[in-house]
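# A closer look at the structure
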Amino acid sequence: MPPPVSDLPLVASGKVREMYDLGDRLLMVASDRISTYDVVHPNTIPDKGGVLTALSVFWFGRTRDIVANHYLSATEGVPEDVRGRAVVVRKLEMLPVECVVRGYITGSGWKDYQATGSVSGIELPPGLQESERLPTPIFTPSTKAEVGHDEAIDFDRAAELVGSRELMDDVRARSLALYQFAADHAAARGVILADTKFEFGLDGDGALTVGDEVLTPDSSRFWPADGYEPGRPQPSFDKQYVRDWAASTGWDKKPPAPEVPDDVVEGTRARYVEAYERIAGEPFQEWLDRTAP
Ligand code: PZK
């Protein structure tokens with residue numbers, strides 16, 4: 001019998017997921033917890049962790065020819081109590097930068113553009129509207145902040161932190177290629193991939209490898225193509241029900257976050273499952289069946 005997750009050494013944890021040590025490998029577990037405005041709600045969205053894991057595994061399988069990744073298995077070595085929402089991955093030496101690609105101008109990129117006309121040192125054309133598609137996708141690295149928000153840095157600073165301009169050139173090229181592949185795939189299914197964040201590392205042979213989760217709603221902004229209109233913020237494919245409900249309660253977005261009511265939980269769960277089914281093109285149940293103990 002594999003050990004329950006609670007027996008494994010915890011090596012890292014984020015707001016909604018955990019990483020455990022398996023010796024020569026790692027176990028990455030996605031929870032069903034959800035945050036809005038950076039605050040985690042007290043209750044969960046059933047299947048959220050499963051959907052994010054399934055999506056990440058879908059993309060890892062589809063992008064192996066663009067860049068190697070750390071994914072090994074969603075069954076072998078995954079304890080029964082977390083099957084469907086966890087993966088075994090290779091240990092990497094992680095690079096100390098977040099690799100953000102933006103195809104649309106939104107979020108912190110929109111703030112920076114409004115203030116300076118640039119994002120991560122890349123000058124953008126004047127007169128862009130909020131949420132507008134960029135002439136070409138841009139690579140906008142940021143620091144990994146231990147606490148608080150990541151800070152945008154320019155390419156030269158990223159290369160300095162990584163210690164090699166050649167390696168950083170490769171990281172940028174792979175990041176842009178991954179984004180382009182996924183954005184094209186999503187667009188054909190009615191989903192806009194506005195932006196996304198990758199984390200890279202080096203494997204035991206020094207080969208550039210993508211780690212973390214990839215191209216999920218927690219590492220990306222997914223917008224429904226239907227109703228897309230620049231000039232305003234776009235509704236998030238997955239979290240908009242929770243955000244709209246949270247705003248309607250008058251919550252000030254400061255901790256603690258309010259408990260999400262059942263109908264909003266159910267609507268949000270349906271949106272996550274729909275995101276998986278649209279993008280992967282298979283019923284979410286098939287993922288659960290494949291990974292079930
Ligand atoms: C690694 N994180 C971020 C924080 C998480 C993940 N393949 C790898 N090898 C070594 N280290 C990491 C990875 C990956 N991926 C990633 N921390 C360590 C992180 C919190 C929770 F699930």
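Small disclaimer: the values here were computed from a predicted structure and weren't measured.

## Focus on the overall build of the protein
Within the protein, the regular secondary structure consists of seven helices and 18 strands. Relative to the compact-globule value of 19 Å for 293 residues, the protein shows a C-alpha radius of gyration of 19 Å, a close match. With the C-alpha coordinates aligned to their principal axes, the bounding extent of the protein is approximately 60 × 50 × 35 Å. The buried share of the protein, taken over its 293 residues, is 49%. Of the accessible surface of the protein, which amounts to about 13800 Å², a share of 48% is contributed by carbon and sulfur atoms.

## Re the site of the ligand
Close contacts around the ligand come from 14 residues, with Leu26, His70, Arg90, Leu92 and Asp212 the closest. In the environment of the ligand, a nitrogen atom lies 2.8 Å from a nitrogen or oxygen atom belonging to the backbone of Arg90. Contact distances for the ligand include 2.8 Å between a nitrogen atom and a backbone N or O atom of Leu92. Burial of the ligand by the protein amounts to 82% of the accessible area it has alone, namely 480 Å². Elements that contribute at least two residues to the shell around the ligand include exactly strand E1 (10-13), strand E2 (17-21) and strand E3 (25-30). With three residues, the top contributor of residues to the shell around the ligand is E2. Taken together, the residues that form the shell around the ligand break down as six nonpolar, three polar and five charged.

## So, the pattern of salt bridges
Counted under the stated rule, the structure contains 23 salt bridges. Residue Lys15 is joined to Asp38 by a salt bridge in which the shortest nitrogen-to-oxygen separation is 3.5 Å. Of this pair, Lys15 sits in the loop between E1 and E2 while Asp38 is found in the loop between strand E4 (33-36) and strand E5 (39-44), placing the two residues 23 residues apart along the sequence. Overall, Lys15 belongs to the partly exposed group, its relative accessible area being 43%. A salt bridge links Asp203 to Arg90, with the nearest nitrogen and oxygen atoms 3.2 Å apart. Here Asp203, found in the loop between strand E16 (200-202) and strand E17 (208-210), pairs with Arg90, found in strand E8 (residues 86-90); they are 113 residues apart in sequence, far enough to count as distant.

Calculation rules
Residues numbered from 1 in each chain as written. Predicted model: local features only at pLDDT ≥ 70, side-chain atom pairs only at ≥ 80, totals over all residues. Heavy atoms only, no water. Helix = DSSP H or I, 4+ residues; strand = E, 2+ residues; numbered from the N terminus. Rg over C-alpha atoms; globule rule 2.2 N^0.38 Å. Buried < 20%, exposed > 50% of the residue type's maximum accessible area, 1.4 Å probe, protein only. Areas by Shrake-Rupley, 256 points an atom, 1.4 Å probe, with all protein chains shown as cover. Near = heavy atom within 4 Å. Polar contact = N/O pair within 3.5 Å; in protein donor to acceptor, adjacent residues only side chain to side chain. Nonpolar A, V, L, I, M, F, W, Y, C, P; charged D, E, K, R; others polar. Salt bridge = Lys/Arg side-chain N within 4 Å of Asp/Glu carboxyl O.

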